Every structure is written in structure tokens, then in C-alpha cells.
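Residues per chain are reported as follows:
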Amino acid sequence: MKYFKYVGLIGFCLICCKQVDKERKTFESQEKLDTTIVLPRKEEKSEKKLKSFEGIPDTLFIRLADFSKDFAYDLRYATENNFLKAKVYDCAECYTRVKTAKALLKANKAFIEKGYKIKFFDCYRPNSVQYKMWEIVPNPQYVANPVKGSIHNKGGAVDITLVTLDGEELDMGTDFDFFGRKAYHDNTDLPDTVLNNRKLLKQTMEKFGFWSIRTEWWHYNLSAASNDKVANFKWECNDVN
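Quick caveat: nothing in here was measured; it's all calculated off a predicted structure.

Visitor: Just to check I follow, could you spell out the packing of aromatic side chains for this structure?
Guide: Given two aromatic rings, one states the distance between the centres and the angle between the planes to describe the pair. Per the counting criterion, the structure on display carries 18 aromatic pairs. Between Tyr89 and Trp235, the aromatic rings sit 5.3 Å apart at their centres with planes inclined by 70°, giving edge-to-face as the arrangement. Linking Tyr89 in the loop between strand S2 (72-73) and strand S3 (95-97) with Trp235 in the segment after strand S7 (216-222), this pair joins segments that are 146 residues apart in sequence.

Quick look at the structure:
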């Protein structure tokens, strides 16, 4: 009789153990499923974190889009939509030296407070590209001689306009790279809207250390970059920005 009691007890224990093991496996399976749900999908890209200027020398070249999302871009020399009618950049990127970028961020902050932001047509230009441009248009009235170089080649010049926060360009009277009196800063024979837009651009940029060229409303040089060396740094072209 005792033998049958022991057999019954052992059977009961085996049944209980199987049930516990079944529940444990079910729990582990559910736990694994929950973990899979909270992980991001592989095809989803996490938002790119902006970089900081901390510890970076002022003369280093940086990609402006890595430090601010508040600019707009229409980098014309990476297309044929320019006065050269030729693409001279392999890809559209806006690089400057750190000190130029810092001044641009300050100026852009002031514009944003008024409902506008900077849009770039050109930024740092490698000296090798300056040679390409000179081969197409060897005229110092339109293209700086690459032997001497320009402040674009030093990472201290930008060609810009203003757009609304929705991306609509302000009327500056001419397109970028229009070579004629209509683009001159001292030409006052223009509608008040155009004159006021140019005034806003010029006064704000000057406030943050830039100076303009009389014949080009879009061109601004950082005063602190004038003595920097001409550079031929070339950026890499990536499909993902």
C-alpha cells in the first residue's frame, strides 16, 4: 500500500514540475517578445545629435550642418545653376572654419528672432576648385585668381541670402551671382522692399563680425579670417547626411 502511495506522490510531483516548466517557458517567451517590441526597427534612423564646438580649434574646418539645423542650403556650384554653367563641386556641402561657423550661428540666431534664417549659396571653397573656376572664367572681375586665392578658399567667406522660417526667399532684387549694378549695395534705385531686405542682411552680418563687397549683396567675409591661409581641404561625399 505504501508503495502505491509513493508512486502516486512521485507522479503528482512530476505533473507539477512539468506545469511549472511550461509556465517558465511561456514567461521567457513573452519576456523575449516584449524586448523585441521596444527595440527600434533596423530601418529606422535615430535622430542625429548636433556636435559641440567645445575643444575644437577655431581654425579647424567643420561641416556646418553638424552644428545647427537652423540653416537652409542651395549650394549652386554643386549644380550647373550658376554663372559658370558648370558643376565644380562633387557634392553639395557647406564647410567653414570653426570661428566662421560660430559667428554664423550668432547671426542666424538674431535673424530667427525676426522670423528669418540664413540660406547658403556657397561656403568654403577648396583652392583646387578655384583653379577650375579660373579655367572657365579667367577674369578677376568675376573669379579670384587662384594663385593668390580668396577668403572663400580660407574658410572665412559665405554667399548667402535670407529666407522665412518656412523657406521662402526674401526679395534681394537679383539672383545670386548676378554681375551688374543692380546687385551693388550702393544702388538705391530699387524697390523699398529690396533695400530693406538687403539692409537687414548687411547690418546683422556686420554686427557679428562680417564685412561685405560693394558689388555683391550676397557675399560676406569674416574679418577675423582675413589672415588665414588659403586651404585645399576637400570634404568627402556621402549619400547620407
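Further notes follow.
Visitor: Looking at this structure, how should I read the pattern of salt bridges?
Guide: Side chains bearing opposite charge may pair, as long as their charged atoms lie close to each other. A complete count under the given rule lists twelve salt bridges for this structure. Asp228 is the partner of Arg97 in a salt bridge, and the nearest nitrogen-oxygen pair spans 3.6 Å. Within this pair, whereas Arg97 is found in strand S3, its partner Asp228 is found in the segment after S7, the two being separated by 131 residues in sequence. Given the relative accessible area of 9%, Arg97 is considered buried. A salt bridge links Arg214 to Asp186; the nearest nitrogen and oxygen atoms lie 3.2 Å apart. Here Asp186 lies in the loop between strand S5 (157-164) and helix H4 (192-207) and Arg214 lies in the loop between strand S6 (210-213) and S7, a separation of 28 residues in the sequence. The class for Asp186 is partly exposed, based on a relative accessible area of 39%.

Visitor: When you look at helix H3 (residues 127-136) in this model, what are you seeing that I'm missing?
Guide: Note: α-helices contain 3.6 residues per turn, so residues at a spacing of three or four share the same orientation. For H3, every residue scored as buried is listed here: Asn127, Val129, Gln130 and Met133. For H3, the angular spread of buried residues about the axis comes to 150°, placing them on one side.

Visitor: Can you help me understand the state of the cysteines in this one?
Guide: Put plainly, two cysteines are in a disulfide when a covalent bond ties their sulfur atoms together. Within the structure shown, the criterion is met by two disulfides. Each sulfur in the disulfide pair Cys91 and Cys237 lies 2.0 Å from the other. Across the S-S bond of Cys91 and Cys237 the torsion is about -90°, and the bridge reads as left-handed. Taken together, the residues span a long stretch of sequence, with Cys91 in the loop between S2 and S3 and Cys237 in the segment after S7 at a distance of 146 residues. What pairs with Cys94 in a disulfide is Cys123, and their sulfur atoms sit 2.0 Å apart.

Visitor: Before we go on, may I ask you to explain the sheet that holds strand S4 (residues 116-122) in this structure?
Guide: Remark on secondary structure: sheet strands pair via backbone hydrogen bonds, oriented parallel or antiparallel. One open sheet holds the five strands; their spatial order is S2-S4-S5-S7-S6, and the pairing between them is mixed. The open sheet has two free edges, formed respectively by S2 and S6, since each of these has just one partner strand. Pairing analysis gives two bridges linking S2 to S4, with the strands arranged parallel. Paired with Ala72 across the bridge in S4 is Lys119. In the packing of helix H2 (residues 98-113) onto the sheet, the strands contacted are S4, S5, S6 and S7, and the crossing angle to S4 comes to about 140°. Sitting on the sheet, H4 touches S4, S5, S6 and S7, and the angle it makes with S7 is about 5°.

What counts as what
Residues numbered from 1 in each chain as written. Predicted model: local features only at pLDDT ≥ 70, side-chain atom pairs only at ≥ 80, totals over all residues. Heavy atoms only, no water. Phe/Tyr/Trp six-rings, centres within 6.5 Å; stacked < 30°, edge-to-face > 60°. Helix = DSSP H or I, 4+ residues; strand = E, 2+ residues; numbered from the N terminus. Salt bridge = Lys/Arg side-chain N within 4 Å of Asp/Glu carboxyl O. Buried < 20%, exposed > 50% of the residue type's maximum accessible area, 1.4 Å probe, protein only. Arc of directions from axis to C-beta. Disulfide = S-S within 2.5 Å. Pairing = 2+ DSSP bridges. Contact = heavy atoms within 4.5 Å. Axes fitted to C-alpha atoms, helices over the stretch in contact; angles between N-to-C directions.

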